Amino acid sequence: MLNTMQSKGKSEAAPGRSALVNVQNKALQILGDLQKDVPPEQGEQIAEAVQALKEHAEGLRHFDDTLEDQTHILRSILNSIPTGVVVASKTGEYLLINPAAAPYTNIVQEEQRDRPEPYGVFMLDTTTPYPAEEMPLARAIRGEAATKIELFVRHESFPAGRWLLCDAVPLTAENGALRGGIAVYNDITERKKAAQALARRAEALSRSNQELEQFAYVASHDLQEPLRMVASYVQLLELKYSKKMGEEADQYIAYIVDGAKRMHDLIQDLLAFSRAGKGNMTFVPVHCDAVVQAALENLKTAVEDSKAKVTVDKLPIITGDPSQLRQLFQNLVENALKYRGDARPEIHIRAEKEDSEWVIQVRDNGIGMDPAYTKRIFRIFQRLHEDRQQYSGSGIGLAIAKKIVERHGGRIWCTSQPGEGSTFAFAMPTFGQ
Amino acid sequence: MSEEYSHRILLVEDNPADAELTAEAIRFAGLNVGLDVANSVEQALAMLRRQAPYESASRPDLILLDLNLPRRGGREGVREIKEDPQLQTIPVLILSSSRAEPDIRDSYQLHANGYVVKPVDFQEFVDVLERIRRFWFETVKLPPPPNKDWS
């Protein structure tokens, strides 16, 4: 009864119906004829039988209509869904192919019942032909379920090929006997293409990242050598000939040494930046309290020299790399100490939970800055002050802080006003804490 | 010629300016050491093994090895020295401008006796060499060469 769904008319959908109606009509006619020749008593019985038969016929017609209705609905669904459905008998004969499956099963004409020519079906590598006996439908016919099988199909009507995700299950009769198999195909070409494009982009990005890190390392390392030669030989010149070349020459030598040392610092910073948040990050629960204490311990001299008052509220446990988080706090506190005002420096560290993030703030009472610069200061080698004596350093600390925060999936920002101190804040995901 | 110095150092360094700088720093530090310079790992090994034309080379008391050498780099140099029973007791200090963790770790894993980052500041370099002298020539005791051929 089931066939290709494309062109079947409604009248053919229930081929048994007209025969059944004929039988019924015949029976009614016989009964009618019989009624004329029998005594009234029997005639009544026959009339009852006729009535019963008519009711039965009515019931049958109703059942038939319902069945036809259901079949029509099912057929409409099968005709309209983008999912390909194929049903085959135990012997591999196709019992049903819906329109979505047609392009893939190569059944163009309804009459063509034989198994189609082996299709261009390939394994994941898109070149190895898929073994016929391993095809999902073939497995289903053998009584196996085959789920989530990815197939690559290529045909002259779609030479670029398409990706199909196939699920096949055995088809059993009510008594459990194996009748055949059902295979369902979904076209996942677009999804696959998007995933491939994404993978390619990720690979390109990772390659360019690696190249960049390699570059930073090589450049920094290889730049050190000639720089060391310049700095050292100028110093040697000074040591050996300083009194013989005159005051001006001594001043020039001092400039050269200073320039070389500053370049050395820049290179060191560049190296530190390229290393920050790179490689073996260990993500563990980190007690920020302990990490801040370690950072303050490292800054002990700077804190004492500036007579700074550092207060720390109770801080949360966040997930991250302990040594990088220590570096983060250290850089922020160091920055706060460096850009202090005339008053005794006061630095306050506190944390607040906002939705699914911890927001941790480092607030100072330092010189502050124009809000116009609060984004720019996180860029590598960005400095706001020309006075290198008072505000030494190359401006790498905040860039490293930003890199560390971002490698932890967080954000960092700064709010500030000139003369009113700055607040550096970073948000880190709580990871369901 | 080895008689006039209390100790000898073999410096493996391909950059002549760098080698000259080390020689100057040794002079400024007032070290009483003879400095031999090899500009490659190959030459250093030939000198250490007294292969031609270095049959009369002296056995150094300390080797200063640059990490970035052409062809067979410093890593291979330290590996080869430490695998050679005749040479492995000679202290090898890596001198490098790199502070990179892998460079430092590799050096120690190959049994270098120390890793020293070359200071940019000349005076610091002089100080470093003075400290090296005090430690390796005065503080620690080293075994005699295993082969009596070495004088």
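Rules used in this analysis
Residues numbered from 1 in each chain as written. Chains lettered and ligands numbered in written order. Predicted model: local features only at pLDDT ≥ 70, side-chain atom pairs only at ≥ 80, totals over all residues. Heavy atoms only, no water. Helix = DSSP H or I, 4+ residues; strand = E, 2+ residues; numbered from the N terminus. Buried < 20%, exposed > 50% of the residue type's maximum accessible area, 1.4 Å probe, protein only. Contact = heavy atoms within 4.5 Å. Areas by Shrake-Rupley, 256 points an atom, 1.4 Å probe, with all protein chains shown as cover. Phe/Tyr/Trp six-rings, centres within 6.5 Å; stacked < 30°, edge-to-face > 60°. Lys NZ or Arg CZ within 6 Å of the ring centre and 35° of its normal. Expected span 1.5 Å × (residues − 1). Polar contact = N/O pair within 3.5 Å; in protein donor to acceptor, adjacent residues only side chain to side chain. Pairing = 2+ DSSP bridges.

Trainee: Teacher, can you tell me more about the overall build of chain A here?
Mentor: Within chain A, the regular secondary structure consists of 10 helices and 13 strands. Each of the 433 residues in chain A was classed as buried or not, and the buried ones make up 37%. In chain A, once contacts between residues fewer than 6 apart in sequence are set aside, the share between residues at least 24 apart is 61%. In the structure as shown, chain A presents an accessible area of about 25,500 Å², 54% of it carried by carbon and sulfur atoms.

Trainee: Explain the side chain of Thr83 of chain A here, please?
Mentor: Residue and element names in this part refer to chain A. Checked against the element boundaries, Thr83 lands in the loop between helix H2 (40–80) and strand E1 (84–89). We classify Thr83 as buried; its relative accessible area is 17%. Setting aside residues up to four positions removed in sequence, Thr83 forms contacts with Asn98, Ala100, Val184, Tyr185 and Asn186.

Trainee: What should I look at first to understand unusual backbone geometry in this one?
Mentor: When glycine is set aside, most residues are seen to have a negative phi, and most peptide bonds are trans. Looking along the chain, the bond that leaves Ala52 of chain B and enters Pro53 of chain B is cis, with omega of 5°. On the secondary structure map, Pro53 of chain B appears in the loop between helix H2 (41–48) and strand E3 (62–66). Unusually for a residue other than glycine, Lys307 of chain A sits at a positive phi of about 55°. With respect to the helices and strands, the residue Lys307 of chain A is situated in the loop between helix H8 (300–305) and strand E8 (309–312). The exposure class assigned to Lys307 of chain A is exposed, which follows from its relative accessible area of 61%.

Trainee: Looking at this structure, I do not really get the packing of aromatic side chains. What am I missing?
Mentor: For any pair of aromatic rings, geometry is given as the distance between the ring centres together with the angle between the planes. Using the criterion set out here, one finds five aromatic pairs over all chains in the structure. With centroids separated by 5.5 Å and ring planes inclined at 90°, the aromatic side chains of Phe28 of chain B and Phe122 of chain B adopt a geometry described as edge-to-face. Taken as a pair, Phe28 of chain B in helix H1 (residues 16–28) and Phe122 of chain B in helix H5 (residues 122–139) lie far apart in primary sequence, 94 residues in all. Accessibility expressed as a relative area gives 36% for Phe28 of chain B, which makes it partly exposed. Note on Phe122 of chain B: relative accessible area 1%, which makes it buried. A cation over an aromatic ring shows up here: Lys192 of chain A above the ring of Trp163 of chain A, its NZ or CZ 4.6 Å from the ring centre. Against the face of Phe125 of chain B rests Arg228 of chain A, its NZ or CZ located 4.7 Å from the ring centre.

Trainee: Help me understand H1 of chain B, please; the structure alone is not making it clear to me.
Mentor: Because an α-helix completes one turn every 3.6 residues, residues spaced three or four positions apart along the sequence face the same direction. Between the first and last C-alpha of H1 of chain B there are 18 Å, a value that for 13 residues agrees with the 18 Å anticipated at 1.5 Å per step. Among all positions in H1 of chain B, only Asp18, Ala19, Leu21, Thr22, Ala23, Glu24, Ala25 and Ile26 of chain B are buried. Contact partners of the buried residues in H1 of chain B: helix H5 (189–245) of chain A together with strand E1 (7–12), strand E2 (33–38) and H5 of chain B. Where H1 of chain B begins, the capping side chain belongs to Asn15 of chain B, and its oxygen is found 3.0 Å from the backbone nitrogen of Ala17 of chain B. In the stretch just after H1 of chain B, Gly30 of chain B is the one whose phi turns positive, near 70°.

Trainee: It is not clear to me how the pairing of E3 of chain B should be interpreted in this structure. Could you clarify?
Mentor: Residue and element names in this part refer to chain B. Counting buried positions over the five residues of E3 gives five, a clear majority of the element. Side chains Leu62, Leu64 and Asp66 of E3 all project onto a buried face; the interleaved residues Ile63 and Leu65 project onto the opposite face, where all are buried too. As paired elements, E1 and E3 share four bridges and run parallel to each other. By the bridge assignment for E3, Leu10 is matched with Ile63. Pairing of E3 with strand E4 (residues 92–96), which is carried by four bridges, proceeds in the parallel orientation. Across the sheet, residue Ile63 finds its bridge partner in E4, namely Val92.

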